[in-house]
Amino acid sequence: MELRRPPDAQHAVAALGNGSLALAGGTDLVPLLRDGIVRADTLVHLADAVPRGIDGTRIGAGTTLAELEVDPQVPAALREACAQAASPQLRSMGTIGGNLRQATRCWYWRLRFPCWLHGGEVCHAKAGQHREHAIFGNERCASAHPSDPAAALLALGARVRTDRRELSVAELYRLPTDESRDVVVLAPDELVLELDVPLPDASVYLKAMDRKKWAFPLVGVAAARFGDRVAFGLAGVAPIPWAVDSADDLDRATPLPGTAYKVQIARALIARAFSAL
Ligand SMILES: Cc1cc2nc3c(=O)[nH]c(=O)nc-3n(C[C@H](O)[C@H](O)[C@H](O)COP(=O)(O)OP(=O)(O)OC[C@H]3O[C@@H](n4cnc5c(N)ncnc54)[C@H](O)[C@@H]3O)c2cc1C
Ligand code: SF4
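In what follows, the accompanying structure is described. (Residues numbered from 1 in each chain as written. Chains lettered and ligands numbered in written order. Predicted model: local features only at pLDDT ≥ 70, side-chain atom pairs only at ≥ 80, totals over all residues.)

### A word on the overall build of the protein
When helices and strands are tallied, the protein shows 11 helices and 12 strands. For the protein, the C-alpha radius of gyration of 18 Å lies close to 19 Å, the compact-globule estimate for 277 residues. With the C-alpha coordinates aligned to their principal axes, the bounding extent of the protein is approximately 50 × 45 × 30 Å. (Helix = DSSP H or I, 4+ residues; strand = E, 2+ residues; numbered from the N terminus. Rg over C-alpha atoms; globule rule 2.2 N^0.38 Å.)

Here it is in structure tokens:
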């Protein structure tokens, strides 16, 4: 396998596609390559191609979660989401760009079961063990999106700048379909360069997990208040980060037998987040 380190975004984009994949911190991609779940002939290292750092509301895609969690310019919901993600070592390597594009943690998918998301016909999780899985958007694939920061960015109404367009975080994700089983709308050679994160009047991120540290969200709830309006973004409840207007939206959840408990957790965390704001 070849490793390239292009000097800027333009060269990086030109080097992507046709068996070449973007490599940032490598905390998700390297294990996937090691386990043979993802294949690549060439890795395109983004260290010189993608901005890194925080300047007011602008955040470079190469900024690490460790940098975000301590910067006072960053809204509390995003800082807290980063601080509660993964472990200190992973947060020192993992970038926000890579975090938004991380793959599902569904163990059937990670263990290479020929499930629907891998191009097969069935979702093994639905018939099998699915305690960590989704309560919304789970008709075809019941995986639960693992990113805490993505839920915070959704509640904050953040925008994403790529090498070719600008879109909201809400537009970045979409439920996988039979035609395209990806959860992001980005092209294979499209790079996330920068985020623009509006400053709310108040925001918070609350996370229910199996351990107090170093665990993916069973349910993560981000809330952001802009004037009288409060927006919520949820992690761990759908194949993509999931927006709700209030706890009433949980009445429309479609939990699996083993994920019904998540509805109760989400309801409690939304109430707590609302009080905190
Ligand atoms: C044990 C463990 C526990 C974890 N726990 C949590 C958790 O609790 N909460 C949570 O939110 N996350 C968690 N994570 C995920 C972790 O935060 C991500 O792996 C990390 O943020 C990914 O960033 P990276 O820079 O290492 O990405 P990489 O591994 O380098 O890349 C990941 C993907 O993003 C693509 N990519 C990277 N940068 C860009 C870019 N700029 N534009 C377009 N595509 C890009 C890559 O091609 C690849 O497909 C955990 C990970 C591990 C291994
Ligand atoms: S939840 Fe999605 S990734 Fe997991 S087995 Fe079902 S189709 Fe595959």
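### A closer look at the site of ligand 2
Surrounding ligand 2, one finds 14 residues, the nearest of these being Cys 106, Tyr 108, Cys 115, Cys 123 and Cys 141. Elements supplying a minimum of two residues to the shell around ligand 2: helix H7 (107-110) and helix H8 (124-127). A per-class count over the shell around ligand 2 returns 10 nonpolar, 4 polar and no charged. (Near = placed C-beta within 6 Å. Nonpolar A, V, L, I, M, F, W, Y, C, P; charged D, E, K, R; others polar.)

### Brief notes about the sheet that holds strand S4 (residues 54-55)
The sheet built from 5 strands is open, its strands ordered S4-S5-S8-S6-S7 with antiparallel pairing. The strands lining the two open edges of the sheet, one partner per strand, are S4 and strand S7 (166-168). (Pairing = 2+ DSSP bridges.)

### Describing the site of ligand 1
Close to ligand 1 lie 31 residues, the nearest being Ala 24, Gly 25, Gly 94, Gly 97 and Gly 98. Only strand S2 (20-23), helix H5 (88-93), helix H6 (96-100) and helix H9 (148-155) provide two or more residues apiece to the shell around ligand 1.

### A closer look at the pairing of strand S8 (residues 192-196)
Here S8 lies mainly inside the structure; 4 of its 5 residues are buried. Strand direction decides the pairing type here: strand S5 (residues 58-60) and S8, joined by 3 bridges, are antiparallel. By the bridge assignment for S8, Ile 59 is matched with Leu 195. As judged from the 4 bridges shared by strand S6 (residues 159-162) and S8, these two strands associate in the antiparallel manner. From the neighbouring strand, Val 160 faces S8, where its bridge partner is Leu 195. (Buried ≥ 20, exposed ≤ 12 C-beta atoms within 10 Å, placed from the backbone.)

### Describing helix H4 (residues 76-83)
Counting buried residues in H4 gives 6 out of 8 residues, a clear majority hidden from the surface. If you check which residues of H4 are buried, you get Ala 77, Leu 78, Arg 79, Glu 80, Ala 81 and Cys 82. Tucked into the core, H4 has its buried residues touching helix H3 (65-70), H5, H9, strand S9 (202-208) and strand S10 (219-226). (Contact = placed C-beta atoms within 7 Å.)

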